[in-house]
Amino acid sequence: MKFFDPEEEPDGDALAPHHFYVGVALSLFGFASIWPYYPATGAGFAFIGLLVALDDVIEHMTPYPTPLDQVWKRVVFPLVKKFEMISR
């Protein structure tokens, strides 16, 4: 088994807003701002944010595709390319 070297798959600046930061921000927002007034909704935001952050950690630690990575590759990126072709 070949060990995964994250430098072989560069994805930009390490401090760029990857979805780890977005997930942590979503968790904190859900916990601090929503949970006191709507506990179930706030807990949902916090949980989803943690899943998003965990997805990014797994993506950068292992060579395995993650769910958000697959959504990007199979849905979002093809749509972006299609919109770019239309706008030319």
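In the block above lies the structure referred to throughout.
Residues numbered from 1 in each chain as written. Predicted model: local features only at pLDDT ≥ 70, side-chain atom pairs only at ≥ 80, totals over all residues. Heavy atoms only, no water.

Engineer: Break down the packing of helix α2 (residues 39-61) against helix α3 (residues 67-87) for me, citing the residues and quoting the values.
Structural biologist: Where α2 meets α3, the axes come as close as 8 Å, and the angle between the chain directions of the two elements is 85°. The angle between α2 and α3 falls in the class roughly perpendicular. For the pair formed by α2 and α3, the contact residues are Val52, Asp55 and Glu59 on the first element and Pro67, Leu68 and Asp69 on the second. Classifying every residue of the contact of α2 with α3 gives three nonpolar, no polar and three charged. (Axes fitted to C-alpha atoms, helices over the stretch in contact; angles between N-to-C directions. Helix = DSSP H or I, 4+ residues; strand = E, 2+ residues; numbered from the N terminus. Parallel < 35°, antiparallel > 145°, perpendicular 65-115°, else oblique. Contact = heavy atoms within 4.5 Å. Nonpolar A, V, L, I, M, F, W, Y, C, P; charged D, E, K, R; others polar.)

Engineer: An account of the pattern of salt bridges is needed here, citing residue identities and associated values.
Structural biologist: Per the counting criterion, the structure on display carries one salt bridge. Where Asp69 meets Lys73, a salt bridge forms, and the shortest distance between an N and an O atom there is 3.3 Å. Separated by four residues within a single helix, Asp69 and Lys73 lie in helix α3, roughly one turn from each other. Since its relative accessible area comes to 14%, Asp69 is described here as buried. (Salt bridge = Lys/Arg side-chain N within 4 Å of Asp/Glu carboxyl O. Buried < 20%, exposed > 50% of the residue type's maximum accessible area, 1.4 Å probe, protein only.)

Engineer: Can you explain a nonpolar patch on the surface? Please cite residues and give values.
Structural biologist: On the surface, a cluster of nonpolar side chains totalling about 1,000 Å² of accessible area is made up of Phe20, Tyr21, Val24, Leu28, Phe47, Ile48, Leu51, Leu54, Val57, Ile58 and Met61. Ranked by residue count, the leading element in the nonpolar patch is α2, at seven residues. Within the fold, Leu54 resides in helix α2. Overall, Leu54 belongs to the partly exposed group, its relative accessible area being 45%. (Patch = residues over 30% accessible without salt bridge, like charges linked within 9 Å, V, L, I, M, F, W, Y side chains within 5 Å. Areas by Shrake-Rupley, 256 points an atom, 1.4 Å probe, with all protein chains shown as cover.)

Engineer: Outline the packing of helix α1 (residues 19-34) against α2, supporting the account with residue identities and numerical values.
Structural biologist: Relative orientation and spacing of two packed helices are given, respectively, by the angle between their axes and the distance between those axes. Close contact between α1 and α2 brings their axes to 7 Å; oriented N to C, the two are set at 165°. With respect to their mutual orientation, α1 and α2 come out roughly antiparallel. Crossing of α1 over α2 shows left-handed handedness. Across the contact of α1 with α2, the residue classes tally to 14 nonpolar, seven polar and three charged. (Left-handed = near helix turned anticlockwise from the far one by under 90°.)

Engineer: Talk me through the packing of aromatic side chains; I want residue IDs and the actual numbers.
Structural biologist: For the structure shown, the criterion picks out four aromatic pairs. Measuring from centroid to centroid gives 6.3 Å for Phe29 and Phe45, while their planes differ by 65°, and the two rings are edge-to-face. Of the two residues, Phe29 sits in helix α1 while Phe45 sits in helix α2, which places them 16 residues apart along the sequence. A relative accessible area of 44% means that Phe29 is categorised as partly exposed. Residue Phe45 is classed as partly exposed on the basis of its relative accessible area, which comes to 31%. With a centroid separation of 5.2 Å and 75° between ring planes, the pair formed by Phe31 and Trp35 is classed as edge-to-face. (Phe/Tyr/Trp six-rings, centres within 6.5 Å; stacked < 30°, edge-to-face > 60°.)

Engineer: For α3, give the residues involved together with the corresponding values.
Structural biologist: Helix length check: α3, at 21 residues, gives a terminal C-alpha distance of 29 Å against a target of 30 Å (1.5 Å per residue), a fit within 8%. Of all the bends in α3, the greatest measures close to 35° and is centred on Lys73. (Expected span 1.5 Å × (residues − 1). Bend = angle between axes of the 7 residues up to and from the residue.)

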